[in-house]
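Topology and contacts: notes
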Amino acid sequence: MPLHLYDTYSRSLRPFESIEEGKAGLYACGPTVYDYAHLGNLRTYLFVDGLRRTLEFNGWQVRHVMNITDVGHLTSDGDSGDDKIEARSARSGKSAWDLAAEFTRAFEDDLCQLNILSPTVCCRATDHIAEQIAFISDLEAKGYTYRTQDGIYFDTTRQDSYGRLARLKRDGLQAGKRVELGEKRDICDFALWKFSGVPGQRQMEWDSPWGLGFPGWHIECSAMGEKHLGRYFDIHCGGEDHVAVHHSNEIAQTEARHGTRLANFWLHGAFLKTQDAKMSKSSGDFLRLQSLLDQGIDPLAYRYLCLGAHYRSSLNFSGQALDAAASGLARMRASVHGLGDVAGEVDRAWLARFTEQINEDLNFPRALAVAWEMLKSGLPDAVKKATIARFDAALGLDLMRWQPAALVVPAQVSAWLAQRETAREERRWHDADALRARVREAGYEIDDTPQGPQARAS
């Protein structure tokens, strides 16, 4: 059953065929670690995890590369302002290096809480300065760069194809409308290497053929993607906010150096919104995963919520929607647990229906509906258990390991259970029924098992 993915570059749904048979190279833009990730950021990583799981579900061996941007991401897309990590360091009093490490650890913990698979390679920009300098040197040799007082810039006017990913219309971009042009020759030109200014003023700076400085954000991903996946790999993905600038610039650099668009497929996830506005740190609408944990909400309830919306559709976040998702997850867990510890064979017809949905551009909302329909069907429990386990390899809800919380039965209820058992042994059925009624009034039911009577919450 073929896998179809929506490619932003071609604006079309295309059948996925990997460059190397049986293997798939996947690059996903990771976080800029100047702050904690918010739920909107994490929705993107859940989309990437769903993509990776779907590829593996279909038999591909995935090499998943994710970057950590720990230098070079400025506060403006126009290459102005401060480095985000240096700016946070100045406000906090902590070193830029310590801050990057702290927020990287917090991000990795968020991924673990959401049952997101660890990347095959997690690469830091500061560990790949040599690769970035080599990349810029090649661009310079090919005539794609120029120098200003504050850095080395990429000349986008050399490429007629610049901005094709975002369908940019250069004639409609007015200098100064989005950013101040300064010494840039064109509004679309972007920094490859920024100069430090006063030596020692920055905490993160390196020597280069052009002077002391640090890399631009865009060159980092191109250099790391090439090092770990090659000059042309299968899939590059990230949030929809990367299309117009970051990913367009990645493509421009790689086209200039190697003549490729870096990746065969470009996939982008839509925003998470609150009251129809994009969730972002800059807007002040900043809800962390820890905020849910503090309220006693299972992080996988947020994963379940995201499964209910297609990755290319915006998702409105609300407490009511999250509560509904938590309830749905609880019901699914209870249903799967209620099937018992049984071994069976996967039902091929249901597997085909589920696969058809995830292979239609990762349609997890419909795949989730198929999973529910299967659980409510008349299949034997053993077959249901095996089939939902196979589904969960793609859903990532960790259904097989879930166990209900241990029930703490009050001492009085336990005493009534013992008295009822004695009454039954003595054939005092009226007393036994009266004791059952007392247990029920206290909020419990009695299950008579081979191991003796057990109380459960009613």
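Just so it is clear, the structure is predicted and the values come from calculations on it, not from any experiment. (Residues numbered from 1 in each chain as written. Predicted model: local features only at pLDDT ≥ 70, side-chain atom pairs only at ≥ 80, totals over all residues. Heavy atoms only, no water.)

1. A closer look at the overall build of the chain
To keep things clear, this is the line we draw: Secondary structure is summarised from DSSP: a helix means a run of H or I of at least four residues, a strand means a run of E of at least two, and numbering begins at the N terminus for each. Burial status follows relative accessibility: with a 1.4 Å probe on protein chains alone, a residue under 20% of its type maximum counts as buried, one over 50% as exposed, and anything between as partly exposed. Two residues form a contact once any of their heavy atoms are found within 4.5 Å. Only the protein chains shown count as covering a residue, and every accessible area follows the Shrake-Rupley method with a 1.4 Å probe.
When helices and strands are tallied, the chain shows 14 helices and 16 strands. Referenced to the eigenvectors of the C-alpha coordinate spread, the extents of the chain come out at roughly 95 × 50 × 35 Å. Classification of the 458 residues of the chain by burial places 53% in the buried group. For the chain, restricting intrachain contacts to residue pairs at least 6 apart in sequence, the fraction spanning at least 24 positions comes to 74%. Per element, the accessible surface of the chain, about 20800 Å² overall, is 47% carbon and sulfur.

2. A closer look at unusual backbone geometry
Positive phi outside glycine occurs at Leu262, with the angle close to 75°. When you line up the elements, Leu262 lands in the loop between helix H6 (243–258) and strand S11 (263–269). Phi is positive for Asp398, close to 55°, though the residue is something other than glycine. Turning to its location among the elements, Asp398 is positioned in the loop between helix H12 (381–395) and helix H13 (411–425).

3. As for the packing of aromatic side chains
Applied cut-off: Two rings from Phe, Tyr or Trp (for Trp, the six-membered ring) form a pair when their centres are within 6.5 Å of each other. A pair whose planes differ by under 30 degrees is stacked, one over 60 is edge-to-face, and the rest are tilted.
Evaluation of the coordinates by the stated rule reveals 14 aromatic pairs. When the ring of Tyr302 is compared with that of Phe317, the centres are 6.3 Å apart and the planes differ by 70°; the resulting orientation is edge-to-face. One end of the pair, Tyr302, is in helix H8 (residues 299–307); the other, Phe317, is in the loop between strand S14 (315–316) and helix H9 (319–337), and 15 residues separate them in sequence. Taken as a pair, Tyr302 and Phe317 share a single burial class, namely buried. Ring-pair connections join several aromatic residues into one group, and the members of that group are Phe16, Trp60 and Phe265.

4. Side note on the packing of helix H5 (residues 217–229) against H6
The cut-off we apply is this: The axes are straight lines fitted to the C-alpha atoms, using for helices just the contacting stretch, and the angles between their N-to-C directions are given from 0 to 180°. Small angles under 35 degrees read as roughly parallel and large ones over 145 as roughly antiparallel, with 65 to 115 read as roughly perpendicular and the rest as oblique. Crossings are sorted by hand: turned counterclockwise from the far helix by less than a right angle, the near helix makes the crossing left-handed, and turned clockwise it makes it right-handed. Note on residue categories: nonpolar means Ala, Val, Leu, Ile, Met, Phe, Trp, Tyr, Cys or Pro, charged means Asp, Glu, Lys or Arg, and polar means any other residue, Gly included.
Contact pair H5 / H6: the axes reach a minimum separation of 9 Å and the direction vectors enclose 55°. Looking at the two axes, H5 sits oblique to H6. The two elements H5 and H6 cross, and the hand of that crossing is right-handed. Within the contact between the two elements, H5 uses Trp217, His218, Ile219, Cys221, Ser222 and Glu226 and H6 uses Val245, His246, Asn249, Glu250, Gln253, Thr254, Arg257 and His258. Here the residues of the contact of H5 with H6 sort into 4 nonpolar, 7 polar and 3 charged.

5. Examining the sheet that holds S11
Using the following cut-off: Two strands pair if DSSP finds at least two bridges between them.
Overall, parallel pairing links the 5 strands, which are arranged S5-S4-S3-S10-S11 in an open sheet. Of all strands in the sheet, those bounded by a partner on one side alone are strand S5 (121–124) and S11. Strand-to-strand twist of the sheet, defined as the mean angle between neighbouring strand axes without regard to direction, takes the value 20°. Two elements, strand S3 (residues 23–28) and strand S4 (residues 61–68), share 6 bridges in a ladder whose sense is parallel. Bridge pairing in S4 links Tyr27 to Val65.

6. As for the pattern of salt bridges
Worth spelling out the cut-off: Criterion for a salt bridge: a side-chain nitrogen of Lys or Arg within 4 Å of a carboxyl oxygen of Asp or Glu.
Across all of its chains, the model carries 25 salt bridges by this definition. A salt bridge links Asp448 to Arg420; the nearest nitrogen and oxygen atoms lie 3.2 Å apart. Of this pair, Asp448 sits in strand S15 (residues 444–449) while Arg420 sits in helix H13, placing them 28 residues apart in sequence. Asp448 sits in the partly exposed class, given a relative accessible area of 41%. Between Glu421 and Arg424 there is a salt bridge, with the nearest N and O atoms lying 3.6 Å from each other. You can see Glu421 and its partner Arg424 sitting in helix H13, 3 residues apart, about one turn around the helix. For Arg424, a relative accessible area of 30% puts it in the partly exposed group. Among the charged side chains, a salt-bridge network with shared partners connects Arg420, Glu421, Arg424, Arg436 and Asp448.

7. Concerning the nonpolar core
Heads up, the rule is: We define a nonpolar core as any set of buried Ala, Val, Leu, Ile, Met, Phe, Trp, Tyr and Cys residues linked to one another through side-chain atoms lying within 4.5 Å.
With 122 residues, the main nonpolar core has Leu42, Tyr302, Met332 and Phe391 as its most contacted residues. Apart from the residues lying within four places of it in its own chain, the contact partners of Tyr302 are Leu39, Gly40, Leu42, Arg43, Leu46, Leu114, Leu272, Leu292, Phe317 and Leu322. The next biggest cluster of nonpolar side chains, apart from the first, holds 8 residues, and it includes Val413, Leu435, Val439 and Ile446.

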